[in-house]
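Coordinates in review
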Amino acid sequence: SVLSQDLRVLPKYTMTRDGNGYPILVINQDFNRAWLAVGQALADAELEVTDLDRSLGIYYLEQTATVEDEERQLQLRLVTSESGIQVSVQVDDDTLAPQEQSARVLNRLRASLE
């Protein structure tokens, strides 16, 4: 049965896509551990963090995204969900970063996590 399975066999880090096809990194840990792991992985991946807001679950990254001819800072957002901690790359609170750029950042992050 599902209840008797050992949950430790689940992968800690899984790349997936949301309903719109944007890449999402799912971390199968509690928020506190995921936050610390992501912070360390960002440093290891040499992705420069310019600011952070733990209460909102956001790391602000030095890399910029060009949206409508305007450069903006990227946000790495951690959100708690039923499947674990979902990590996405955004330009602002309402705008996801372009898919290719999101995939590049999340793949570097995942490689540093493992």
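Quick caveat, the model's predicted, so the values are computed rather than measured.

Some words on the side chain of Q90
- Positionally, Q90 belongs in strand β6 (residues 84-92).
- At a separation of 3.2 Å, a polar atom in the side chain of Q90 contacts the side chain of R77.
- A distance of 3.4 Å separates polar atoms of two side chains, one belonging to Q90 and the other to S88.

Observations concerning the pattern of salt bridges
- By the definition in use, this model includes four salt bridges.
- Between R33 and D30 there is a salt bridge whose closest N-O contact spans 3.5 Å.
- Two residues, R110 and E114, come together in a salt bridge whose shortest N-O distance is 3.4 Å.
- Look at E114 and you get exposed, because its relative accessible area is 60%.

A few points about the pairing of β6
- Burial analysis of β6 places seven of its nine residues in the buried class, which makes it a mostly covered element.
- Two elements, strand β2 (residues 23-27) and β6, share three bridges in a ladder whose sense is antiparallel. Within β6, the position partnered with I27 by the bridge is I85.
- Alignment of β6 against strand β7 (residues 95-96), held across two bridges, turns out to be antiparallel. By the bridge assignment, Q90 is partnered in β7 with L96.
- Where β6 folds back on β7, the antiparallel hairpin that results is connected by two residues.

About the criteria used
Residues numbered from 1 in each chain as written. Predicted model: local features only at pLDDT ≥ 70, side-chain atom pairs only at ≥ 80, totals over all residues. Heavy atoms only, no water. Helix = DSSP H or I, 4+ residues; strand = E, 2+ residues; numbered from the N terminus. Polar contact = N/O pair within 3.5 Å; in protein donor to acceptor, adjacent residues only side chain to side chain. Salt bridge = Lys/Arg side-chain N within 4 Å of Asp/Glu carboxyl O. Buried < 20%, exposed > 50% of the residue type's maximum accessible area, 1.4 Å probe, protein only. Pairing = 2+ DSSP bridges.

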